[in-house]
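Descriptive analysis of the structure
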Amino acid sequence: MKIILASKSLRRQELLKMMNIKYEVIVSEKEEVKNNLLTPLENGINISLEKALDVKNKTKGDRIIISCDTVLDYKGKLLGKPKSYDDSYQMLKMLSGDYHEVYSCLTVIAIKNNQEEIFQRQGSAKVYIDSLTDIEIKTWIDTKKSLDKAGGYAIQEEFGKYISKIEGDYYSIVGLPINELYHILKQIEKKE
């Protein structure tokens, strides 16, 4: 079955390549709407599902659609991608010297012979960030790599030097819980 990644994220594409998965990219146009009545994790689960369903409705035939949404939970507050330089600065200032939770919410839709099955899993990690100076924060933001990343940072980039400890799944911080994905694909393969 063909595999479709419902994301333009280069990090997710690199992780699928690392897993030796052949895929095509069809980006969801679904707007990521956050619901303040839901927890950050619930928001991530919903957005991931909506993106997968959007791509499902644009495609035909037997296929597997992979979608993921990564969110940060800082003391119950949802942090997504910063909208501006100032937003990046405020997020990183808040995260500085503290820890937060990262959730990568995975949705996989498998469609074969018009039969559909939906799998949803989450990977998570607790991330501890050093106390950052204003110069360190501004130097990172000046790389222009903060705007397309939840929380305004990327562990796999030079920002990683400010992360003192993680507890949990590293790949969920990068943006795709690959062990969860592997087990879902294995389960789908058994049914074929």
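Below is a summary of the structure that appears in this document. Computed from a predicted model, the values in this text were never measured in an experiment. (Residues numbered from 1 in each chain as written. Predicted model: local features only at pLDDT ≥ 70, side-chain atom pairs only at ≥ 80, totals over all residues. Heavy atoms only, no water.)

For the rest of this paragraph, the subject is helix α2 (residues 40–58). Taking 1.5 Å of rise per residue, the 19 residues of α2 would be expected to cover 27 Å, and the 27 Å separating its terminal C-alpha atoms lies within 8% of that figure. Among all positions of α2, only Pro40, Asn43, Gly44, Ile47, Ser48, Lys51, Ala52, Asp54, Val55 and Lys56 are buried. Summarising the contacts, the buried residues of α2 are in contact with β1 (2–5), β3 (63–74), β4 (77–79), β5 (99–112) and β6 (115–129). (Helix = DSSP H or I, 4+ residues; strand = E, 2+ residues; numbered from the N terminus. Expected span 1.5 Å × (residues − 1). Buried < 20%, exposed > 50% of the residue type's maximum accessible area, 1.4 Å probe, protein only. Contact = heavy atoms within 4.5 Å.)

Considering the arrangement of structural elements, one finds lysine 149 in the loop between α4 (134–141) and β7 (163–168). Classification of lysine 149 by relative accessible area gives buried; the value is 7%. Polar contacts involving the side chain of lysine 149 include one to the side chain of aspartate 148, which spans 2.8 Å. If we ignore the near neighbours within four places in the chain, the residues touching lysine 149 are Arg11, Gly80, Lys81, Pro82 and Ala154. (Polar contact = N/O pair within 3.5 Å; in protein donor to acceptor, adjacent residues only side chain to side chain.)

On to unusual backbone geometry, then. One non-glycine residue with positive phi stands out, namely asparagine 114, at about 65°. One non-glycine residue with positive phi stands out, namely lysine 144, at about 65°. Structurally, lysine 144 can be placed in the loop between α4 and β7. By relative accessible area, lysine 144 is classed as exposed at 71%.

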